[in-house]
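Descriptive structure summary
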Amino acid sequence: MAARKLPKGIRKKSNGGYEARAQIRGEKIYLYGSDLDLLIEEFEEAKEKASRTASYKKENYTLNDWFNEWFMDVKSHKIKETSIAPMRNSYKRTFGFYIGTMKLRDITPMDVQRALNAMEKEGVSSRTMRDTLGRLRECMEFAVANQIIPVNPCLIVEVPWTFKRVKKEVALTQEEQNQFLNSVEETWYKEMFYFMCLTGVRVGELGGLKWSDIDFEKKEIHIERALSCNYCDGVKREMLVSPKTVNSTRTIPFIGEMEVILLSQKKKQKLLKKELGARWRSTGELDGLVFTTTMGSPCTRYIVEKEIKKAIRRMENDEAYRAVQEGREPKQITNFHPHSLRHTFATRCFENKMEPKVVQQLMGHSSISVTLNIYTHVLDTVMKDEISKFGTANTMMTELEKITVPEITAMSHR
């Protein structure tokens, strides 16, 4: 007697029983039994139920439902862990806020366009709109591939042009830099700010620097990691991650008074750590950081920015006092932020006529164009000096000098 042909998805097990497996639009079905007829009946019912469930989800998916599913199952596996929370928050503040509760199948290109227009009115930058729209397009493309929607509604929309002036990056003059460093001379963070002015490191790179990254024999600093600080479900997370780009991993030679500054920091920190004992906060992965707070916590962007604001207030007070003593109006103190010290370092490099390629390597820029484009304010001054070296076209000037003003006027009317 011929063996009974088994339906698709069902196979006989070695122990004599049967198993049934299927996947209906992402929902997995697995059944087992010894009675084949009963298993076939249960299998068909399970597939029909799964199909109804998939159809229901397909009809009732909101944009927020689908985006969250897509992001966790697809996107989150391709990006750094530290980028997950910022990307999700960016979506929530933009498309999630404006059209997130709409059913996925009901969203039209006009809905997406209106959301973008509303963002523009609220002052959202063009860059943010482009980034979030690109992510939404990718998300919708998966919805099309999974037969949840027939077409991608993001393909024919346009990001509104925002006529905002680009915020000019601040770079301190040498005088301003000296004034700033003098204002932090008596603070715990003196060495940290000197280090920033002598290296141009990013704030994350500063916070992630360990003593093991500093080679006092070769007089080199190895930038190999960065400190990431973010909030996930309301919980603050501080962790060490890889630098921003491939070029960010670099070696910076000791410049100026670097060795003195680092040795001073090491001695000062060692005494503090001994004094605090078990209260020292940078432990585990964060143990061995070069720059910490007075409680041993990592120096995050918030800490650096707060100390700069304190320094600016001290400079303003000092300037106001000097102005009164000298009987004049106080000069305005330049307001700046942590990243300004990175631009200041690059400015000093160009002012001292360093080759752009060397500056690129010191800064860890991804390309030479980034280095040149950002620091055009320095290059403009250099250009004027360089143009003056051109001189004159001597043979022409010899003839032109013989022509009088009346003759030139007459020539212009011919």
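Residues numbered from 1 in each chain as written. Predicted model: local features only at pLDDT ≥ 70, side-chain atom pairs only at ≥ 80, totals over all residues. Heavy atoms only, no water.

1. A closer look at the side chain of Glu307
Short version of the rule: Numbering of helices and strands starts at the N terminus; helices are DSSP runs of H or I of at least 4 residues and strands are runs of E of at least 2. In this analysis, two residues are considered to be in contact whenever any of their non-hydrogen atoms come within 4.5 Å of each other.
In this fold, Glu307 is placed in helix 11 (residues 301-326). The contacts of Glu307, once residues within four sequence positions are left out, are Tyr189 and Phe193.

2. A short note on the nonpolar core
Counted only if it meets this: Side-chain atoms within 4.5 Å are what join buried Ala, Val, Leu, Ile, Met, Phe, Trp, Tyr and Cys residues into a set we call a nonpolar core. When a residue's accessible area, from a 1.4 Å probe over protein chains only, is under 20% of the maximum for its type it is buried; when over 50% it is exposed; and in between it is partly exposed.
Residues Phe180, Phe193, Phe195 and Leu341 are the most contacted members of the largest nonpolar core, which totals 48 residues. The set of elements that each furnish at least two residues to this core consists of helix 7 (174-183), helix 8 (190-199), helix 9 (203-208), strand 5 (220-223), helix 10 (258-276), helix 11, helix 12 (338-351) and helix 13 (356-363). The element contributing the most residues to this core is helix 8, with seven residues. Discounting residues that sit within four places of it in the chain, Phe195 has contacts with Val201, Leu206, Leu209, Ile221, Met258, Leu262 and Phe291.

3. Concerning the sheet that holds strand 1 (residues 10-12)
The line we're drawing: For two strands to be treated as a pair, DSSP must find no fewer than two bridges joining them. Where helices are involved, their axes are fitted lines through C-alpha atoms of the stretch in contact, as for all axes, and angles between N-to-C directions lie from 0 to 180°.
Spatially, 1-2-3 is the arrangement adopted by the three strands of the open sheet, whose pairing is antiparallel. What marks the edges here is a single partner per strand, and that holds for strand 1 and strand 3 (27-33). Neighbour-to-neighbour, the strand axes of this sheet turn through a mean angle of 15 degrees, independent of strand direction. Here strand 2 (residues 18-24) pairs with strand 3 via seven bridges, running antiparallel. Looking across to strand 3, one finds that Ala22 is bridged to Ile29.

4. Some words on helix 13
Under the convention used in this document: Directions from the helix axis toward the C-beta atoms define the arc.
Three or more residues of helix 13 are buried, namely Val359, Gln360, Leu362 and Met363. Buried residues of helix 13, seen end-on, are gathered within an arc of 165 degrees and therefore sit on one face of the element. Just downstream of helix 13, Gly364 is the residue with a positive phi angle, here 75 degrees.

5. Things to note about the packing of aromatic side chains
Here is the rule: For this analysis, a ring pair means two rings from Phe, Tyr or Trp (six-membered ring only for Trp) whose centres lie within 6.5 Å, classed as stacked if their planes differ by under 30 degrees, edge-to-face if by over 60, and tilted for the remaining angles. Should the NZ of a Lys or the CZ of an Arg lie within 6 Å of a ring centre and within 35 degrees of the ring normal, that charge is described as sitting over the ring.
As enumerated under the stated definition, the model contains ten aromatic pairs in all. On the basis of an interplanar angle of 65 degrees and a centroid distance of 6.3 Å, the ring pair of Trp70 and Phe71 is categorised as edge-to-face. Taking relative accessible area as the criterion, Trp70 reaches 2% and is therefore assigned buried. For the ring pair Phe180 and Phe193, a centre distance of 5.1 Å and an interplane angle of 75 degrees mean the geometry is edge-to-face. Here Phe180, found in helix 7, pairs with Phe193, found in helix 8; they are 13 residues apart in sequence, far enough to count as distant. Accessibility classification places Phe180 together with Phe193 in one group, the buried group. Site record: aromatic cluster; members linked through ring pairs are Phe67, Trp70, Phe71 and Tyr91. Residue placement shows Lys266 over the ring face of Trp211; its charged tip is 5.3 Å from the ring centre. One cation-aromatic arrangement involves Lys268 over Trp188; the distance from NZ or CZ to the ring centre is 4.6 Å.

6. Thoughts on the pairing of strand 2
Here three bridges tie strand 1 to strand 2, and the two strands are oriented antiparallel to one another. Across the sheet, residue Ile10 finds its bridge partner in strand 2, namely Ala20. What sits between the antiparallel neighbours strand 1 and strand 2 is a turn of five residues, in which Gly16 has the positive phi angle 100 degrees.

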